[in-house]
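The lines below spell out each chain.
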Amino acid sequence: MKRFLFVMALLLAYTVSGMAQTDRQYIRSGNKYYRQQNFVKAEAEYRKSLSVNPENPQALYNLGCALVMQKKDSVAVQQFEKAAKIETGRMRKAKIYHNIGFVCQSHKLYGDAINAYKESLRNNPADNETRYNLALCQRLNKSEQNRNKNNQNKNKDKQNKDKDKKQDQNKDKNNNKQDKENKEKQQEKMSRDNAEQLLNAAMQNEQATQRRVKDAMRQTRSRKLDKNW
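Residues numbered from 1 in each chain as written. Predicted model: local features only at pLDDT ≥ 70, side-chain atom pairs only at ≥ 80, totals over all residues. Heavy atoms only, no water.

So, on to the overall build of the protein. Scanning the protein from N- to C-terminus turns up seven helices and zero strands. Starting at the N terminus, the α and β elements of the protein follow one another as α-α-α-α-α-α-α. By the burial criterion, 31% of the 229 residues in the protein qualify as buried. Residue pairs at least 24 apart in sequence account for 53% of intrachain contacts in the protein once pairs closer than 6 positions are excluded. (Helix = DSSP H or I, 4+ residues; strand = E, 2+ residues; numbered from the N terminus. Buried < 20%, exposed > 50% of the residue type's maximum accessible area, 1.4 Å probe, protein only. Contact = heavy atoms within 4.5 Å.)

Let us look at the nonpolar core. In terms of nonpolar packing, the biggest core is built from 32 residues, with Tyr34, Tyr46, Phe80, Ile96 and Ile100 touching the most fellow members. When residues of this core are traced back to their parent elements, those giving at least two are helix H1 (20-35), helix H2 (39-52), helix H3 (57-69), helix H4 (73-86), helix H5 (90-106), helix H6 (110-123) and helix H7 (128-228). Among the elements that make up this core, the one with the highest residue count is H3 (eight residues). (Core = buried A, V, L, I, M, F, W, Y, C linked by side-chain atoms within 4.5 Å.)

Positionally, Lys93 belongs in helix H5. No salt bridge is formed by the buried Lys93; the nearest opposite charge belongs to Glu119, separated by 6.7 Å. From its side chain, Lys93 meets the backbone oxygen of Glu87 in a polar contact 2.9 Å long. Sequence-distant contacts of Lys93, that is, excluding residues within four places in its chain, are made with Ala84, Glu87 and Asn123. (Lys, Arg positive; Asp, Glu negative; His and termini not counted. Salt bridge = Lys/Arg side-chain N within 4 Å of Asp/Glu carboxyl O. Polar contact = N/O pair within 3.5 Å; in protein donor to acceptor, adjacent residues only side chain to side chain.)

Turning our attention to H4. Taking 1.5 Å per residue, 14 residues should reach 20 Å; H4 reaches 20 Å between its end C-alpha atoms and fits that length. Within H4, burial applies to Asp73, Ala76, Val77, Gln79, Phe80, Ala83 and Ala84. Buried residues of H4, seen end-on, are gathered within an arc of 160° and therefore sit on one face of the element. Along H4, the residues that are exposed and aim more than 90 degrees away from the buried face are Ser74 and Lys85. In the core, the buried residues of H4 are packed alongside H3 and H5. (Expected span 1.5 Å × (residues − 1). Arc of directions from axis to C-beta.)

In total, this model carries five salt bridges according to the counting rule given. Measuring nitrogen to oxygen at the nearest pair gives 3.5 Å for the salt bridge that ties Glu43 to Lys72. One end of the pair, Glu43, is in helix H2; the other, Lys72, is in the loop between H3 and H4, with 29 residues separating them in the sequence. By relative accessible area, Glu43 is classed as buried at 11%. Using a relative accessible area of 35% as the deciding quantity, one classes Lys72 as partly exposed. The structure contains a network of salt bridges with shared partners spanning Glu43, Arg47 and Lys72.

Here you go:
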């Protein structure tokens, strides 16, 4: 990605009169600090300029540049967007949108960067650096979309596998439950059968015992009768 260009040509490109002389003085002071890389003081001067004239696109643009250099990117983009709404010069507007695109690109917000670079090229179709950054963001954005799509497919496959696994587990659980119920029924049936067999055996033993008693009694009578004879 090419180096971010802060186009400071804007600093002296405006001609204003009357009340705006004061805000121009703050801008010149801010530019001095900016060139010295004292971005905190530059920011303060640009804000003073805006306190005098909130509609000065030059002060908004330069403030955005000072904020980017302090890594205050989200606030910087807000200043650039304000400047873009007010700015009427096509070349200056193109530079503002180029800077918005650069900040978005550095944060991998490729969709927003693409929109900003396109807007920059609408105002300055001859800017090859913006055209290069646009093409790069389009490639990176496509790669990211494909990667996200692959991840979504992987997640979907995993969810389907987990669902099938859960269904199999439920099926095994139901089968085990059914097997347990069948086993319990078989054991219950065997217990009833055993009880009936024991009862029948007991009844048969009782009947046999009664028969033996009766036979013994008949034999006793017979012996007595024989003796009486």
